[in-house]
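Reading the structure
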Amino acid sequence: MIEAGEMDRLDHLLPGWVDTSRQESIHGRVATYIPELSKAGRDLLGIHIINGEGRISEAGNTDHRFTLQSISKVFTLILALMDHGEAAVFSKVGKEPTGDNFNSMMKLELIQPAIPFNPLINAGAIVISSLIKGNTVEEKSARILQFFRKLAANDKLGYDEDVYRSERETGHLNRSMGYFLLDKGILEGEVEEVLEVYFRHCSIQVNTADLARMALVMAFNGQDPLSKEQLIPKRYVQIAKTFMITCGMYNGSGEFAICAGMPAKSGVSGGILTFVPGRLGIGVVGPSLNAKGNSIAGVHLLERLSKAFEWSIF
Ligand code: GLN
């Protein structure tokens, strides 16, 4: 199938398919544990797709703005790898899926040394936040934001301050993981400062176009195909991509790999960043979540598209 034909077909199919998948939203729930997130409309669904020539196809609620949440963890991992290299990063965080919820502490005590299983669960991402270079919290957060702006090709990316405050006020579980990791010597420095960096990058606000543009860089092995700039070393895309397949959709990752077969990362605000290697960057949002914490309508839509367009990498 030639690329232009695929984008034309998407233009034709997406509006109807988004409407069909949107109906799945009634079977899920909007996240409420970060109180501010509960304000998102349950029945929203939007998708934005961009190819290597910058040709776009989109449908649904693409103007909805939401916070990156766990999607940010893929890119803070990459930044930590760029800051310190593989050996240092993987001395503090593992490479294996957990089978537990993203905010579970259960397995932390079961292994020696007590390093979190992977960088995409909260405990692992908090350790990654502690590795971001910078002299102050502000400097670290500014480096992350700057990196994300480059990847999204959007200088205007900023924070949703309400979500940031809401999470900082209620993030007791994350706080307890931070102190646990400090006790074990995995996390260094001031826990509250590390958490501030973590809560900040989770509250970066985007739309589906931003997600798709970040995904496009991943699809092209770290090079922005439009500016031709190499933004991420290829090896680190390879590492991040592997984590996306094995842990990107929480403990729904195996099922998503079987049904859609695309590297993906979801967040509790209902975003999904995914891509077709060498071809497409894709951003989806649908705030109603399934039992595994992934956008219920978003997963439905991506599985259908992947089957129709043969997007599975397997
Ligand atoms: N900021 C969220 C948290 O720490 C991110 C979790 C997520 O998107 N799954 O709980």
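Relevant structure appears above.
Definitions and limits used
Residues numbered from 1 in each chain as written. Predicted model: local features only at pLDDT ≥ 70, side-chain atom pairs only at ≥ 80, totals over all residues. Heavy atoms only, no water. Near = heavy atom within 4 Å. Polar contact = N/O pair within 3.5 Å; in protein donor to acceptor, adjacent residues only side chain to side chain. Areas by Shrake-Rupley, 256 points an atom, 1.4 Å probe, with all protein chains shown as cover. Nonpolar A, V, L, I, M, F, W, Y, C, P; charged D, E, K, R; others polar. Core = buried A, V, L, I, M, F, W, Y, C linked by side-chain atoms within 4.5 Å. Buried < 20%, exposed > 50% of the residue type's maximum accessible area, 1.4 Å probe, protein only. Contact = heavy atoms within 4.5 Å. Pairing = 2+ DSSP bridges. Helix = DSSP H or I, 4+ residues; strand = E, 2+ residues; numbered from the N terminus. Axes fitted to C-alpha atoms, helices over the stretch in contact; angles between N-to-C directions. Patch = residues over 30% accessible without salt bridge, like charges linked within 9 Å, V, L, I, M, F, W, Y side chains within 5 Å. Salt bridge = Lys/Arg side-chain N within 4 Å of Asp/Glu carboxyl O. Lys, Arg positive; Asp, Glu negative; His and termini not counted. Charge placed at Lys NZ, Arg CZ, Asp CG, Glu CD. Left-handed = near helix turned anticlockwise from the far one by under 90°.

1. Comments concerning the site of the ligand
Around the ligand, the structure places Tyr 33, Gln 69, Ser 70, Phe 102, Asn 122, Glu 167, Asn 174, Tyr 198, Cys 202, Tyr 250, Gly 267 and Val 268. Within the side chain of Gln 69, a nitrogen or oxygen atom sits 2.6 Å from a nitrogen atom of the ligand. Expressed as a share of its isolated accessible area of 290 Å², the protein-covered part of the ligand is 99%. Split by residue class, the shell around the ligand holds 6 nonpolar, 5 polar and 1 charged.

2. Regarding the nonpolar core
Grouped together as the largest cluster of nonpolar side chains are 46 residues, with contacts concentrated most on Phe 75, Val 89, Phe 148, Met 218 and Ile 232. Aside from chain neighbours lying at most four places away, what touches Val 89 is Leu 77, Ala 80, Leu 81, His 84, Ile 128 and Leu 131. The next biggest cluster of nonpolar side chains, apart from the first, holds 26 residues, and it includes Leu 45, Ala 59, Leu 302 and Leu 305.

3. Things to note about the sheet that holds strand β7 (residues 264–266)
A sheet is described by the order of its strands in space; here 5 strands give the open sequence β3-β2-β9-β8-β7, paired in antiparallel fashion. The open sheet terminates on both sides in strands that have one partner only, identified here as β3 (56–60) and β7. Neighbour-to-neighbour, the strand axes of the sheet open up by a mean angle of 10°, direction not taken into account. Sheet topology note: the strand β2 (residues 46–51)/β3 ladder contains 5 bridges and is antiparallel. If you follow Ile 49 over to β3, its bridge partner there is Ser 57. Across the sheet, helix α12 (residues 296–309) touches β2, β8 (271–276) and β9 (280–285), and the angle it forms with β8 is around 15°.

4. Notes on a negative patch on the surface
Side chains of Glu 138, Glu 139, Glu 190 and Glu 193 sit close together on the surface and give a patch of like negative charge. Examined against the element boundaries, Glu 139 turns out to sit in helix α5 (residues 137–152).

5. With respect to the pairing of β2
The element β2 is largely enclosed, with a buried count of 6 among its 6 residues. Alternating residues of β2 divide into Gly 46, His 48 and Ile 50 and Ile 47, Ile 49 and Asn 51, and every residue in both groups is buried. Taking the residues that link successive antiparallel strands as the turn, the β2-β3 hairpin has 4 residues, and the phi of Gly 54 there is positive, at about 90°.

6. Quick notes on the environment of Ser 25
Examined against the element boundaries, Ser 25 turns out to sit in the loop between α1 (3–22) and β1 (29–30). When the C-alpha atoms of Ser 25 and Asn 290 are compared, they prove to be 8.7 Å apart, with 265 residues separating the residues in sequence.

7. Some words on the pairing of β8
Burial within β8 is extensive, with 6 of its 6 residues counted as buried. Of the pairings in the sheet, the one linking β7 to β8 comprises 3 bridges and is antiparallel in character. Paired with Ser 266 across the strands is Ile 272, a residue of β8. Between β7 and β8, which pair antiparallel and follow one another directly, the connecting turn spans 4 residues, one of which, Gly 270, has a positive phi of 100°. Looking at chain direction, β8 and β9 are connected through 6 bridges and run antiparallel.

8. Some thoughts on the sheet that holds strand β6 (residues 204–206)
An order of β4-β6-β5 is seen for the 3 strands of this open sheet, with the pairing classed as antiparallel. With partners counted over all chains shown, the strands left at the sheet margins are β4 (66–67) and β5 (158–159), one partner each. Where β4 meets β6, 2 bridges bridge the pair, whose relative direction is antiparallel. When the sheet's bridge partners are listed, Phe 66 is paired in β6 with Val 206.

9. With respect to the packing of helix α4 (residues 122–131) against helix α7 (residues 172–183)
With their axes 10 Å apart at the nearest point, α4 and α7 run at an angle of 65° to one another. Our pair here, α4 against α7, has a crossing hand that is right-handed. Residues Asn 122, Ala 123, Ile 126 and Val 127 of α4 lie in contact with α7, whose contacting residues are Asn 174, Met 177 and Leu 181. Within the contact of α4 with α7, the residues separate by chemical class into 5 nonpolar, 2 polar and no charged.

What is shown is where atoms sit, not what they do.
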